[in-house]
Structure formats: structure tokens, C-alpha cells
Amino acid sequence: QGSELSTAEWIEVFRQARELGAAQLGFSGGEPLVRQDLAELIKAARDLGYYTNLLTSGVGLTETRAQALKAAGLDHIQLSFQDSTREMNDFLSHTKTFALKQRVGEMLKAQGWPMVMNVVIHRMNIEHIGRIIEMAHELGAEYLELANTQYYSWAEVNRAHLLPTTEQLKRAEAITDEWRVKLAGQMKLFFV
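For every chain, the first residue of the written sequence is number 1, and numbering continues from 1 along that sequence. Totals for whole chains, interfaces and linings use every residue, but because this is a predicted model, local features are given only for residues with pLDDT of at least 70 and side-chain atom pairs only at 80 or more, for both listing and counting. To get the side-chain values, take all heavy atoms of the structure and skip hydrogens and water.

J.: It is not clear to me how the confidence of the model for the chain should be interpreted in this structure. Could you clarify?
T.: In low-pLDDT regions, the fine details of the predicted coordinates are not to be read closely. Here the chain averages 88 in pLDDT, and 90% of its residues register 70 or above. For every residue, the pLDDT score states the predictor's confidence, bounded by 0 at the bottom and 100 at the top. Where helices and strands are cited, they refer to DSSP runs of H or I of at least four residues and of E of at least two residues respectively, numbered from the N terminus. For the chain, per-element mean pLDDT is lowest for helix α4 (residues 86-93), which scores 60, and highest for helix α2 (residues 38-47), which scores 98.

J.: What am I meant to see in the pattern of salt bridges here?
T.: Opposite charge on two side chains makes pairing possible when the charged atoms of those side chains draw close. Here a salt bridge means any side-chain nitrogen of Lys or Arg lying within 4 Å of a carboxyl oxygen belonging to Asp or Glu. By the definition in use, this model includes 11 salt bridges. The partner of Arg 35 in a salt bridge is Asp 37, with the nearest N and O atoms 2.8 Å apart. With respect to burial, Arg 35 and Asp 37 carry one shared label: buried. Salt bridges linked by common partners bring Glu 4, Arg 35 and Asp 37 together as one network. The classification of residues rests on relative accessible area computed with a 1.4 Å probe and restricted to protein chains. Under 20% of the type maximum is buried, over 50% is exposed, and intermediate values are partly exposed.

J.: Is there a simple way to explain the packing of aromatic side chains in this structure?
T.: Where two aromatic rings form a pair, the distance of their centres and the angle of their planes describe that pair. For Phe, Tyr and Trp, rings pair up if their centres lie within 6.5 Å, where Trp contributes its six-membered ring, and each pair is then called stacked (planes under 30 degrees apart), edge-to-face (over 60) or tilted (otherwise). Summed over all chains, the structure comprises four aromatic pairs. Considering the side-chain rings of Trp 10 and Phe 14, the 6.0 Å spacing of their centres and the 35° angle between planes classify their relative orientation as tilted. One end of the pair is Trp 10 and the other is Phe 14, both in helix α1 (residues 7-19) and four residues apart, which spans about a single turn. Of the residues examined, Trp 10 reaches a relative accessible area of 29% and is grouped as partly exposed.

J.: Mind showing me how you'd approach the sheet that holds strand β4 (residues 116-121) here?
T.: Sheets are built from strands paired through backbone hydrogen bonds, the pairs being either parallel or antiparallel. An order of β1-β2-β3-β4-β5-β6 is seen for the six strands of this open sheet, with the pairing classed as parallel. Two strands close off the open sheet at either side, each with one partner strand: β1 (24-27) and β6 (188-191). Direction aside, neighbouring strands of the sheet carry axes that sit 20° apart on average. As defined by bridge partners, strand β3 (residues 76-81) adjoins β4 across four bridges and the pair is classed as parallel. By the bridge assignment, Ser 80 is partnered in β4 with Asn 118. A pair of strands is treated as paired once DSSP finds two or more bridges between them. Axis lines are fitted through C-alpha atoms, for helices just across the contact stretch, and the angle between N-to-C directions can take any value from 0 to 180 degrees.

Right, dumping it as C-alpha cells:
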């Protein structure tokens, strides 16, 4: 990770951004949990007055690490899933992490964070949107972001395989709207 900024360099970036008026700092990646200094970075961000958020796959999050992030002042964690079943989640992520993500969801609730889930939506999982919402509800999610793929970087290169049809998008949004009514007051759904 020779091209990564050091802890001190990141903290200086945070300071400069705060002086320019930035108020929220999201830690995402790749996978931000690979940084061993993550708790230190979060604490520095909180000390500067940022609202802090971590977007993670959950890989590398242990009870001890979760407690350290909570003590550092992390406001919330957004847990990413790829699909509603172990088979599709693990296929789309090229990992065997579905069960781990379920355990991490329980860990987040135990630490007092709101259960916030994120699923990137594309042609390979858009037909499962109802089951994805149902899974999030079963896991106790209070917020679910159904984030349609943004076509830059690897997504642009794979656009032909990922881009849903207009009909699929309309149907997925209609299913999301039906679930919004069904889960009113229980879970907020964002279709973005």
C-alpha cells in the first residue's frame, strides 16, 4: 500500500476539508477496514467535528474492532450486500461472505448503531429486489439503500453485462414502492 496516504497525511486532508466547510466524512473503498489506523482516522475526524460513516463489506470487523470504532466516535456503518441469497451474494462478490455479513449486522445492532444496508443494483440482481428488501427487513435493517450502479470505472467497462433494461428499472421501482407502503414506519427504503 505504498500509494496510500499516511495517517498524518489523511488527517491533514480532513483538516483542510473541514476548513472549506465539509461536515460529513464517509470512509469507503475498496474496503476501509484494511486500514489498521481506521479508528485513529475516525477519532481525528470526530475531533474535527465531522459526522462519520463507514461503508463496508464487514470483512475484518470483529467485536473488538467494532468497539474501537464506536469508542472513536463512528456515527454509523452502512453494511453492503450484493444480493439476498448466500449463493448470489457470494457469486457477485467473488467471496464467501454472506453469513459473515449477517453476523456483522447483529454486531452493529449490539453496538447501538442503526442497521443501515446498501445493495448495488444491476441487471444480475434487479429481479431479486423484493427478496432483497425482505432480507433487509428480516435482518432488522432500519434503512436500506438500493443503489443503482453508477457507470464509471469497472462498471463502465462492464456496462453491457450490468445495465438493466428500462422495464426492469420501472418494475424494480414499483416493487420498492409497494414495500415502502408495507414497511411504513419500520424501515426506510431509498431507491437511488
